[in-house]
Amino acid sequence: MVLILPLNIFLNMVWRPNKMQITEQDKTFMREAIRLADESVKNGGGPFGAVIVRDGEIVAGSANSVTRDNDPTAHAEVNTIRQACRKLGTFDLSDCVIYTSCEPCPMCLGAIYWAHISRIYYGNTKKDAADIDFADDFIYKELEQHKEARVVPAIPLLRNEALKTFRAWEQKQDKIEY
C-alpha cells in the first residue's frame, strides 16, 4: 500500500522553519478557541475549545461536549472538524489551520491528520491537561504496547471474511479516496 500525502503535509514534514512566525491574527484565533473553552466550562462542559480557519476567516468553532452529548468522541477538535466539513462540503481540510485551547489528544490528533489540516496551534500542553486529570499519556503508552499487552484486548476475528470488503474497495473504479 502506498500512502499518498497532500503536498502541504509532505512539505510540513520535510521543510520546517526553525520557528513559525506567530502573528497577531494567530493570537486572535487562539483567543477565540480559549473563549469557547471558557464558555464550555461555564455551561457545564469540558475545558476545551477549537476553531478552524481558512484564508484568514473562522470556518467553524466548537467546544468539548462529551458530557452534554454523552459522546466520548465529542472533543472540541472533533466537533470543530465535523462542523467545518459540513460547512465546506468536503472531508479534506488541507487548506485549513486549527487553533485549539489544548494540545490534541491521540484521537483528536488522528482526526486532524485524517482531515489533512495543515497546521495545529495549541494553548495548554498535554502535561497541563494531565495536571487537571485529563491524562492522555495512558493512551499514548497503550499505542506503543503490543496488542497482547494492552489493557483493552484487541482480538482478530473473521479476517478472511472481512478481507472481501477490502478487495471490493480495492477493485472499485469510482471510489473517492481519502
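Provided above is the structure to which this section pertains.
Trainee: What's the story with the sheet that holds strand E2 (residues 57-63) in this structure? I'm lost.
Mentor: Across the sheet, four strands lie side by side as E2-E1-E3-E4; this open sheet has mixed pairing. Unpaired on one side and paired on the other, E2 and strand E4 (119-124) mark the two borders of the sheet. Taken over all neighbouring pairs, the strand axes of this sheet differ in orientation by 15 degrees on average, direction set aside.

Trainee: I tried to follow the side chain of Glu77 on my own but got confused; where do I start?
Mentor: Of note, Glu77 is situated in helix H4 (residues 76-88). Although Glu77 is buried, it makes no salt bridge; Arg82 carries the closest opposite charge, 11 Å away.

Trainee: Which parts of the structure should I look at to understand the pattern of salt bridges?
Mentor: Per the counting criterion, the structure on display carries eight salt bridges. The partner of Asp69 in a salt bridge is Arg68, and the shortest N-O contact between them spans 3.2 Å. Given the relative accessible area of 63%, Arg68 is considered exposed. Note that Asp131 and Lys127 form a salt bridge whose closest N and O atoms lie 3.2 Å from each other. Here Asp131 pairs with Lys127, and both are found in helix H6 (residues 126-131), just four residues apart, close to one helical turn. Owing to a relative accessible area of 55%, Lys127 belongs among the exposed residues under this scheme. One network of salt bridges, with partners in common, ties together Glu32, Arg35 and Glu39.

Trainee: Help me understand the packing of aromatic side chains in this model?
Mentor: What describes a pair of aromatic rings is the distance from one ring centre to the other and the angle between the planes of the rings. The final tally for this structure, using the stated rule, is five aromatic pairs. Plain terms: the ring middles of Phe91 and Tyr178 are 6.2 Å apart, the flat faces sit at 75 degrees to each other, and that makes the pair edge-to-face. Placement of Phe91 in the loop between H4 and strand E3 (96-102) and of Tyr178 in the segment after helix H8 (159-171) is noted, with a sequence separation of 87 residues between them. Centre to centre, the rings of Trp114 and Tyr178 are 6.2 Å apart; their planes meet at 55 degrees, and the pair counts as tilted. Here Trp114, found in helix H5 (residues 106-114), pairs with Tyr178, found in the segment after H8; they are 64 residues apart in sequence, far enough to count as distant.

Trainee: Could you clarify how one ought to interpret the pairing of E2 in this entry?
Mentor: Within a regular strand, the side chains alternate between the two sheet faces. Of the pairings in the sheet, the one linking strand E1 (residues 49-54) to E2 comprises six bridges and is antiparallel in character. Bridge pairing in E2 places Ile52 opposite Ala60. Between E1 and E2, which pair antiparallel one after the other, the connecting turn spans two residues, and Asp55 there sits at a positive phi close to 50 degrees.

Conventions and cut-offs
- Residues numbered from 1 in each chain as written.
- Predicted model: local features only at pLDDT ≥ 70, side-chain atom pairs only at ≥ 80, totals over all residues.
- Heavy atoms only, no water.
- Pairing = 2+ DSSP bridges.
- Helix = DSSP H or I, 4+ residues; strand = E, 2+ residues; numbered from the N terminus.
- Axes fitted to C-alpha atoms, helices over the stretch in contact; angles between N-to-C directions.
- Buried < 20%, exposed > 50% of the residue type's maximum accessible area, 1.4 Å probe, protein only.
- Lys, Arg positive; Asp, Glu negative; His and termini not counted.
- Salt bridge = Lys/Arg side-chain N within 4 Å of Asp/Glu carboxyl O.
- Phe/Tyr/Trp six-rings, centres within 6.5 Å; stacked < 30°, edge-to-face > 60°.

As far as function goes, none of this settles anything; it's purely spatial.
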